[in-house]
Amino acid sequence: MSIPGPVGQGLQLAPFRGLRYVAERVGSLAAVTSPPYDVVVRPDGLRALETADPYNIVRLILPQADTPADRHRQAAETLRRWQADGILAPDPEPALYVYEQRDGHLLQRGIIGALRLSPREEGVVLPHEEVMPHVVEDRAALMRATAANLEPLLLAYRSDGSVTGAASVVERTVRGRPLLSTTTEDGFSHHLWRVTDPADLTEIAADLRHRQALIADGHHRWATYLRLREERAEPGPWDFGLVLLVDTARYPLRVRAIHRLLHQLSPREALAALSGPGSAGGTGSEGAAFRVRPVDGPLPQALATLAKAADEPRAGNAFLLAGHGGFHLLDRPDPALLARTVPTGRPEAWRTLDATVLHSLLLEHLWKVPDTPAHIGYIHDAAAAVEQAERHGGTAVLMHPVREGVVHDLARQGIAMPHKSTSFGPKPASGLVLRSLALG
């Protein structure tokens, strides 16, 4: 079913009293930031962030304890202690925040605020990926315990590209002195400005009420927002969730792949299954499940081979397997096997997605790998996925990015892609501004 354009008031972005680090109480603002919780490569990335500064935001978004209940309780206690000790302090008045990220020639600007939550059928906020229930449950328990939105979702909307409305406020605001500035280890500079002028807030609201947004990053947190709102009978702060809104007509997002790390499947076993029962081969012979070819490294060269194969009209779906077995390219899947294993009743654009074919044909049908954290890890960085596969004997399945137009088209049709199909960016740094629901 197609999703209509936004009904009612469209996007409603409310000012809030941002909860922010007090610069004088921490080593540096860069040292207390983190990538979003699901981008942190555990355990190495987690340890690096924890040791960067004792007040790093990762201690709130990925608390470490023996049980889930203990983790969530620890995060809540840490948040309360940091506020009591003056590590985190609320801004004096409600505001929207203009946020800028810059890395060389890449520039992204958007507005951080508390967005009114709306169900999918309203056509205001469009998800494009399915979610994993256990992740939503974990994020919901963390938000209940902390009563806070600890990191903003990334939402994309599209204007006509003119410098009017919200865009005009953004461009005027960045000419002033920023509230904070820092440069993180990845080379990105980050700047934040407060917007409190009533005329500016009215101009933003009037523009956004006609807009529709796509969830670019944060499907599990959006699903968590909706679940927690449903738990409350009375209107209140849980009716809103922290987001960064980016106008992609002015600041286009990058689309990257999210790779799979198969913890308990070795490259030898993965390749053998391609020629085992039910696959009809595996070396590119007639009737084979895939054409399988070893490719030369190092990783950048192997990824270039994957990109070239994915762009070939006859290649179909293409994947790069990596681990101690080196690199192997899988492409040209068998059409008959696809027809038998990929679910029907969905648009062709969904049935031919790499993530759809990977999960339906390879993971479920040939490799028999359950989609659980013990068996599959989702890693945004290809090098990290390969390094972990080689260290622990697993298999990294490296993916090619989905075209952004495909994502938008499926979202407007109300069709969810398989979870972790895309990685839009650059993602907002976690730790620059938090939203405490106790502050409204």
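Quick caveat: nothing in here was measured; it's all calculated off a predicted structure. (Residues numbered from 1 in each chain as written. Predicted model: local features only at pLDDT ≥ 70, side-chain atom pairs only at ≥ 80, totals over all residues. Heavy atoms only, no water.)

A. Region of interest: the packing of aromatic side chains. The full count for this structure, using the stated rule, is five aromatic pairs. Both rings, one in W222 and one in Y225, keep their centres 6.3 Å apart while their planes meet at 65°; by these two values the pair is edge-to-face. In this pair, W222 and Y225 both sit in helix 7 (residues 219-230), three residues apart, roughly one turn of the helix. Of the two residues, W222 and Y225, both sit in the buried class. (Phe/Tyr/Trp six-rings, centres within 6.5 Å; stacked < 30°, edge-to-face > 60°. Helix = DSSP H or I, 4+ residues; strand = E, 2+ residues; numbered from the N terminus. Buried < 20%, exposed > 50% of the residue type's maximum accessible area, 1.4 Å probe, protein only.)

B. Fine view of the nonpolar core. In this structure, F290, L362 and W367 are the most contacted members of the largest nonpolar core, which totals 119 residues. If you tally residues by element for this core, the top one is helix 12 (residues 354-366), at seven residues. Core analysis: the second largest hydrophobic core is formed by 19 residues, L261, V295, L299 and V386 among them. (Core = buried A, V, L, I, M, F, W, Y, C linked by side-chain atoms within 4.5 Å.)

C. Highlighting the pattern of salt bridges. Enumeration over the complete set of coordinates arrives at 24 salt bridges. Across the pair R291 and D331 runs a salt bridge, and its minimum N-O distance is 2.8 Å. Here R291, found in strand 15 (residues 291-295), pairs with D331, found in strand 17 (residues 326-331); they are 40 residues apart in sequence, far enough to count as distant. The same class applies to R291 as to D331, namely buried. Overlapping salt bridges bring together E100, R102, R109, E171 and R250 as one network. (Salt bridge = Lys/Arg side-chain N within 4 Å of Asp/Glu carboxyl O.)

D. A look at the confidence of the model for the protein. Summary statistics for the protein give a mean pLDDT of 91 and a share of 95% for residues scoring 70 or more. pLDDT under 50 marks residues 277-287. Its contacts with residues more than four places away, or in other chains, come to 31 contacts. (pLDDT = per-residue confidence, 0-100. Contact = heavy atoms within 4.5 Å.)

E. Looking closely at the sheet that holds strand 19 (residues 395-398). Taken in spatial order, the six strands line up as 15-17-16-19-14-18 in an open sheet, and their pairing is antiparallel. Unpaired on one side and paired on the other, strand 15 and strand 18 (376-379) mark the two borders of the sheet. Along the sheet, successive strands turn relative to each other by an average axial angle of 25°, direction set aside. Of the strand pairs in this sheet, strand 16 (residues 319-323) and strand 19 are connected by three bridges, and their pairing is antiparallel. When the sheet's bridge partners are listed, L321 is paired in strand 19 with V397. (Pairing = 2+ DSSP bridges. Axes fitted to C-alpha atoms, helices over the stretch in contact; angles between N-to-C directions.)

F. Geometry of the environment of D38. Structurally, the position occupied by D38 is in the loop between strand 2 (19-21) and helix 1 (44-52). Accessibility expressed as a relative area gives 16% for D38, which makes it buried. Sequence-wise, D38 and W222 are 184 residues apart; in three dimensions their C-alpha atoms are separated by 14 Å. Excluding residues that lie within four positions of it along the chain, D38 makes contacts with R221, Y378, H380 and K420. A distance of 2.8 Å separates polar atoms of two side chains, one belonging to D38 and the other to K420. (Polar contact = N/O pair within 3.5 Å; in protein donor to acceptor, adjacent residues only side chain to side chain.)

G. Representation of helix 6 (residues 198-208). Along helix 6, the residues classified as buried are D200, L201, I204, D207 and L208. All buried residues of helix 6 project into a common sector of 130° when viewed along the axis, lining one side. Among the exposed residues of helix 6, those oriented more than 90 degrees off its buried face are P198, A199 and T202. A distance of 2.9 Å separates the backbone nitrogen of A199 from a side-chain oxygen at the start of helix 6, and that oxygen is part of D197. (Arc of directions from axis to C-beta.)

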